[in-house]
Amino acid sequence: MAEYSDVHRAFLQACSNHGTIGKQQAYNILVNIYARYGSTESVPKEEDVVEVVALINTRIARFDQKICYIHYEPTDMDYVVFVNLIDTPTTREMHNFYTQPELHYFRYLLRELVQNPDHQLPSIACLNFTTISAGKGGKPITKTRAENLLIDWEQYGYFLMLEDKCYLGPRTITEFETYLSTNFPDEIKHCSLCSITIYYGVRCAHCSHTLHKVCMKKYLRKFTNCPECKGPWTVKL
């Protein structure tokens, strides 16, 4: 699969349509696509997804687009995420599908989640934000519409609704990384083990410093202390 082909085009289309895809689901999609467009009868391996994504990214970089990988802490799963790299909380794609009050609601919800220390909010609070969705002089969206929007945005990976709480989704974490770091520098933290932005992870019982669970698991293979305060690590992973 060294040359750009219908396999790559179909996989890109699937990523674009879904927005966020679980790692296993991405592989299953590639298998189905390869069965239809592949030039041989061989079945692709899981590592072929990386090769396909790498070649796609060389083609779509000029459009400020990219397919990224992310380990998402709230679900402890790996995802393949299609992102627009334009530094705005509402991309051109979203402007084509949502009204200004709906986009205002998205921006407000994004801001509230980022500014919350745990980067999560009760679901009911998210619905109550509809009163400010209109902006200046407009008409706010209804709570019923907000419920539908949250379902829609969760499917695309912008948010996650889990146990009556709303979280920043894997797509938001990747797509809006530069925007959030620039506009909310005091709220954005980085894992001291990998230096990547961290929103969700495991917190040291002694110093309350948060690190990625995956990073901490690797660290504890050699050490038994917190990399920040150097106290004994006692939190179960």
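Summarised in this report is the structure supplied together with it.

The rules behind each value
- Numbers given to residues run from 1 along each chain, matching the order in which its sequence is written.
- Only residues with pLDDT of at least 70 get local features here, since the model is predicted, and only at 80 or more are side-chain atom pairs given and counted; chain-wide, interface and lining totals rely on the full set of residues.
- Based on all heavy atoms of the structure, the side-chain values leave hydrogens and waters out of the count.
- Segments assigned H or I by DSSP are reported as helices when at least four residues long, segments assigned E as strands when at least two residues long, and all are numbered from the N terminus.
- In this description, contact between two residues means that some pair of their heavy atoms is separated by no more than 4.5 Å.
- Computed with the Shrake-Rupley method and a 1.4 Å probe, the accessible areas treat only the protein chains shown as cover for residues.
- Two residue types count as positive, namely Lys and Arg, and two as negative, namely Asp and Glu; His and chain ends fall outside the count.
- In plain terms, the charge of a residue is placed at NZ if it is Lys, CZ if Arg, CG if Asp and CD if Glu.
- Per-residue accessibility, obtained with a 1.4 Å probe over protein chains only, is compared with the maximum for each type, and a residue is labelled buried under 20%, exposed over 50%, and partly exposed between these values.
- For two strands to be treated as a pair, DSSP must find at least two bridges joining them.
- Simply put, an axis is a line fit to the C-alpha atoms, just over the touching stretch for a helix, and the angle between two N-to-C directions goes from 0 to 180 degrees.
- Pairs of cysteine sulfur atoms within 2.5 Å are what we label disulfides.
- When two rings of Phe, Tyr or Trp (its six-membered ring) have centres within 6.5 Å they constitute a pair, described as stacked for plane angles under 30 degrees, edge-to-face for angles over 60, and tilted for the intermediate range.
- Whether a charge lies above a ring is judged from NZ of Lys or CZ of Arg, which has to be within 6 Å of the ring centre and within 35 degrees of the ring normal.
- Working rule for helices: expected span equals 1.5 Å times residues minus one.
- Arc definition: directions from the helix axis to the C-beta atoms.
- In what follows, salt bridge is the name for a side-chain nitrogen of Lys or Arg lying within 4 Å of a carboxyl oxygen of Asp or Glu.

Broken down by element type, the protein chain carries 10 helices and 10 strands. By its C-alpha atoms, the protein chain is 55 × 55 × 30 Å across when sized along the principal axes. Across the protein chain, the fraction of contacts at a sequence separation of at least 24, relative to all contacts at a separation of at least 6, is 50%. For the protein chain, the exposed surface amounts to about 13000 Å²; the carbon and sulfur share of it is 50%. Side-chain charges in the protein chain split into 25 positive and 26 negative, and the spacing between the mean points of these groups amounts to 3 Å.

A separate point is the environment of Tyr167. As for its placement among the helices and strands, Tyr167 is situated in strand β6 (residues 165-168). Relative accessible area serves as the criterion here: at 12%, Tyr167 is assigned to the buried category. Residues within four places of Tyr167 in sequence aside, it is in contact with Tyr72, Pro74, Leu113, His119, Gln120, Tyr158, Phe159, Leu160, Leu162 and Tyr200.

What follows covers the sheet that holds strand β3 (residues 77-84). Taken in spatial order, the three strands line up as β1-β3-β2 in an open sheet, and their pairing is antiparallel. Two strands lie at the open edges of the sheet, namely β1 (20-22) and β2 (65-72), each paired on one side alone. Going from strand to strand, the sheet's axes swing by 25 degrees on average, the running direction of each strand aside. Taken together, the three bridges between β1 and β3 define a ladder with antiparallel strand orientation. Directly across from Thr20, in β3, lies its bridge partner Val81. On the sheet, helix α2 (residues 23-37) packs against β1 and β3 and is oriented at approximately 90 degrees with respect to β1.

As a further point, take the state of the cysteines. Per the counting criterion, the structure on display carries zero disulfides. Cys15 forms no disulfide, and the closest cysteine sulfur to it belongs to Cys68, at a distance of 11 Å.

Take the packing of aromatic side chains next. All told, the structure shown has 14 aromatic pairs when counted by the stated rule. An angle of 75 degrees between the planes, with centres 6.5 Å apart, marks the rings of Tyr179 and Phe184 as edge-to-face. According to the relative accessible area criterion, Phe184 is buried, its value standing at 9%. Taken together, the aromatic side chains of Tyr98, Tyr105, Phe106, Trp153, Tyr158, Phe159 and Phe176 make up a single cluster linked through ring pairs. Directly above the ring of Tyr4 sits Arg59, whose terminal nitrogen or CZ lies 4.2 Å from the centroid.

What follows deals with unusual backbone geometry. Despite not being glycine, Glu163 shows a phi value in the positive range, around 50 degrees. Of note, Ser195 is a non-glycine position whose phi angle comes to about 70 degrees, a positive value.

A few words now on α2. In this model α2 runs 21 Å from its N-terminal to its C-terminal C-alpha over 15 residues, within 8% of the 21 Å that 1.5 Å per residue would give. By the burial criterion, the buried members of α2 are Ala26, Tyr27, Ile29, Leu30, Ile33 and Tyr34. For α2, the buried positions fall inside an angular range of 160 degrees around the axis, keeping them on one side. Within α2, the exposed residues directed more than 90 degrees away from the buried face are Asn32, Ala35 and Arg36. Looking at the buried positions of α2, the neighbouring elements they touch are α1 (6-18), β1, α3 (48-60) and β3.

Before going further, it helps to spend a moment on the pattern of salt bridges. Taken as a whole and judged by the stated rule, the model has five salt bridges. Here Glu102 ties to Arg145 by a salt bridge, and the two come within 2.7 Å at their closest N and O atoms. Note that Glu102 is positioned in helix α5 (residues 100-115) and Arg145 in helix α7 (residues 143-155), a separation of 43 residues in sequence. On the basis of relative accessibility, which here comes to 7%, the residue Glu102 falls in the buried class.

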